[in-house]
Amino acid sequence: PRSDCVMAEQLCLSDSTCNATYRILENCALAKTRLLPLDHDSRVRCLNAEFDLGNSSLLHCKCHRRMKRQEHCLRVFWTVHSSVTDGYFNLETSPYENPANEEHWKTDYNKLAALVSGKICSRLAGDTTNPCLKETHVCNLSKKCVRLRTDYASICTRGAGSEDVCDQRKCHKGLRNFFEKVPEDFTKRILFCPCQDEFCGERRRKTIVPDCSFQSNTKPNCLGLLDSCLEDHICKSRLADFQQNCQPADTSPDGCSLHNYAACLQAYMGMIGTPMTPNYVSNSSVEVSLWCTCESSGNQKEKCDQILGMFENNKCL
């Protein structure tokens, strides 16, 4: 079985040859993180070190979205795979194991439905047109769901209505905690609840507190958003996972290269709580986007449009 990268690193460091090779790769990754240009010989040395790992467990290790020491695991992965981060769209190697499959997402919802009908249906009698409100009530039946949802909501709305601005970094961390630690039975239903009217749509749009986590007074350039993402191990990893699992394909009848919508939706959820947090853009549709613009992108406008198009015009998503 494929090992996780924390275990693989420990095995490698206990072997003198692997240890020496890994130290070279650490220096290569550090130079790339600091945007230091590598001369030809250094680039060759980095590529050779990656090649020298051969069939090492390090080269084939993966991480898990809900594992402890996730950031450490991802740092190891990108140290070993630093050569695949060249360019804007060469991140299709996801560091995550992919447990998502269609059956996993067709979870038996009978228990939750029974709880809803028994405890809160009377309260919803006059609100049958708002599935998003209903899913919020379902979340309230779980101590973990309501606690973590309350945590991020309080962080992300702190400073609202005053001159203070919320701490977006803490807000994003709270969002990630919610989507990583709460069972998907709850999170996916809150995020993807179907709406028929704008009141419902607004509630769904505010699931991730747009004024703090998503929107700012001015839209940044999407290339700048991408740069900040690539400097963060978690964001870069989630983006790689998204690119791999939501890769559109014009030649495919369903527009999706892997034909796995569950994996794509899970990867989309993984982007929430990163510098590239997506959200619904209106109350009356299911269209999503990043909060950024491609104006003033100069000769990089095509790349910028690609970044935005991954969310706005992605048939797979």
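Our subject is the structure listed above.
What you see is a predicted model; the values in this text were computed from it and never measured.

Colleague: Residues and numbers for the pattern of salt bridges, please.
Modeller: Within this structure, the stated rule accounts for 8 salt bridges. Across the salt bridge formed by Arg 75 and Glu 9, the nearest N and O atoms sit 3.8 Å from each other. One end of the pair, Arg 75, is in helix 4 (residues 70-80); the other, Glu 9, is in helix 1 (residues 5-13), and 66 residues separate them in sequence. Exposure remark for Glu 9: the relative accessible area of 8% places this residue in the buried category. Connected via shared salt-bridge partners are Glu 9, Arg 23, Glu 26 and Arg 75.

Colleague: If you had to explain the nonpolar core to someone new, which residues and values would you point to?
Modeller: Ranked by internal contacts, the top residues of the largest apolar core, which has 45 residues, are Phe 178, Phe 179, Phe 242, Met 276, Leu 290, Ile 307 and Phe 311. Setting aside residues up to four positions removed in sequence, Phe 179 forms contacts with Arg 66, Thr 187, Leu 191, Ile 208, Met 269 and Ile 272. Counting residues in hydrophobic clusters, the runner-up holds 23 residues, among them Val 6, Cys 12, Ala 49 and Phe 77.

Colleague: Describe helix 8 (residues 143-156), naming the residues involved and giving the relevant values.
Modeller: Think of an α-helix as 3.6 residues a turn; residues three or four steps apart then line up on the same face. End to end, helix 8 covers 20 Å across 14 residues, agreeing with the expected 20 Å (1.5 Å per residue, within 8%). Within the span of helix 8, buried status applies to Cys 145, Leu 148, Tyr 152 and Cys 156. Around the axis of helix 8, the buried residues are gathered within 85 degrees of arc, so they sit on the same side. The inward-facing, buried residues of helix 8 abut helix 7 (131-140), helix 9 (168-181), helix 10 (184-191) and helix 12 (210-214).

Colleague: Which residues make up the state of the cysteines, and what values go with them?
Modeller: A complete count under the given rule lists 14 disulfides for this structure. There is a disulfide in this structure between Cys 139 and Cys 145, and the S-S distance comes to 2.0 Å. The sign of the S-S torsion, about -110 degrees, decides the handedness of the disulfide formed by Cys 139 and Cys 145: left-handed. Per residue, the accessibility class of Cys 139 equals that of Cys 145, and both read buried. In this model, Cys 229 is linked to Cys 235 through a disulfide, with the two sulfur atoms separated by 2.1 Å. Judged by the sign of its S-S torsion, about -105 degrees, the bond between Cys 229 and Cys 235 is left-handed. Each member of the pair, Cys 229 as well as Cys 235, carries the same accessibility label: buried.

Colleague: Run through a positive patch on the surface, naming residues and quoting values.
Modeller: Where like charges cluster on the molecular surface, the positive patch consists of Arg 66, Lys 144, Arg 147, Arg 158, Arg 169, Lys 170, Lys 173 and Lys 181. Listed by contribution, the elements that provide at least two residues to the positive patch are helix 8 and helix 9. Of all the elements, helix 9 adds the most residues to the positive patch, at 4 residues. Counting through the fold element by element, Lys 170 comes out in helix 9.

Colleague: Tell me what's going on with the packing of aromatic side chains, and back it up with residues and numbers.
Modeller: Within the structure shown, the criterion is met by 6 aromatic pairs. Taken together, a centroid distance of 4.6 Å and an interplanar angle of 5 degrees make the contact between Phe 242 and Phe 311 stacked. Note that Phe 242 is positioned in helix 14 (residues 233-245) and Phe 311 in helix 16 (residues 301-312), a separation of 69 residues in sequence. A relative accessible area of 1% places Phe 242 in the buried class. In this structure an aromatic cluster arises from ring pairing among Tyr 152, Phe 178 and Phe 179. The residue whose ring lies beneath Arg 204 is Tyr 280, and the NZ or CZ to ring-centre distance is 4.5 Å. Over the aromatic face of Trp 291 sits the side chain of Lys 219, whose NZ or CZ is 4.9 Å from the ring centroid.

Colleague: Which residues make up helix 14, and what values do they have?
Modeller: In a regular helix each residue adds 1.5 Å, so 13 residues correspond to 18 Å; helix 14 covers 18 Å between its end C-alpha atoms and thus fits that length. Burial analysis of helix 14 places 11 of its 13 residues in the buried class, the great majority of the element. Looking at helix 14, one finds that the buried residues are Ile 234, Cys 235, Lys 236, Ser 237, Arg 238, Leu 239, Ala 240, Asp 241, Phe 242, Gln 243 and Asn 245. Looking at the buried positions of helix 14, the neighbouring elements they touch are helix 4, helix 9, helix 13 (222-230), helix 15 (261-271) and helix 16.

Colleague: Residue-level account of the packing of helix 1 against helix 4, with values.
Modeller: Packed helix pairs are specified by the crossing angle of their axes together with the interaxial distance, meaning the distance between the axes. Interaxial distance between helix 1 and helix 4 falls to 8 Å at its minimum, and their mutual angle equals 60 degrees. Relative to helix 4, helix 1 is oriented oblique. The element helix 1 and its partner helix 4 pack so that their crossing is left-handed. Residues Cys 5, Val 6 and Glu 9 of helix 1 lie in contact with helix 4, whose contacting residues are His 72, Cys 73, Arg 75, Val 76 and Phe 77. Along the lines of polarity and charge, the residues of the contact of helix 1 with helix 4 split into 5 nonpolar, 1 polar and 2 charged.

Colleague: Report on the environment of Asp 167, specifying residues and quantitative values.
Modeller: With respect to the secondary-structure elements, Asp 167 resides in the loop between helix 8 and helix 9. In sequence terms Asp 167 and Ser 213 are 46 residues apart; their C-alpha atoms lie 8.9 Å from each other. Here the side chain of Asp 167 touches Lys 170 through a polar contact of 3.1 Å, landing on its backbone nitrogen.

Reading guide: rules and limits
Residues numbered from 1 in each chain as written. Predicted model: local features only at pLDDT ≥ 70, side-chain atom pairs only at ≥ 80, totals over all residues. Heavy atoms only, no water. Salt bridge = Lys/Arg side-chain N within 4 Å of Asp/Glu carboxyl O. Helix = DSSP H or I, 4+ residues; strand = E, 2+ residues; numbered from the N terminus. Buried < 20%, exposed > 50% of the residue type's maximum accessible area, 1.4 Å probe, protein only. Core = buried A, V, L, I, M, F, W, Y, C linked by side-chain atoms within 4.5 Å. Contact = heavy atoms within 4.5 Å. Expected span 1.5 Å × (residues − 1). Arc of directions from axis to C-beta. Disulfide = S-S within 2.5 Å. Patch = residues over 30% accessible without salt bridge, like charges linked within 9 Å, V, L, I, M, F, W, Y side chains within 5 Å. Areas by Shrake-Rupley, 256 points an atom, 1.4 Å probe, with all protein chains shown as cover. Lys, Arg positive; Asp, Glu negative; His and termini not counted. Charge placed at Lys NZ, Arg CZ, Asp CG, Glu CD. Phe/Tyr/Trp six-rings, centres within 6.5 Å; stacked < 30°, edge-to-face > 60°. Lys NZ or Arg CZ within 6 Å of the ring centre and 35° of its normal. Axes fitted to C-alpha atoms, helices over the stretch in contact; angles between N-to-C directions. Parallel < 35°, antiparallel > 145°, perpendicular 65-115°, else oblique. Left-handed = near helix turned anticlockwise from the far one by under 90°. Nonpolar A, V, L, I, M, F, W, Y, C, P; charged D, E, K, R; others polar. Polar contact = N/O pair within 3.5 Å; in protein donor to acceptor, adjacent residues only side chain to side chain.

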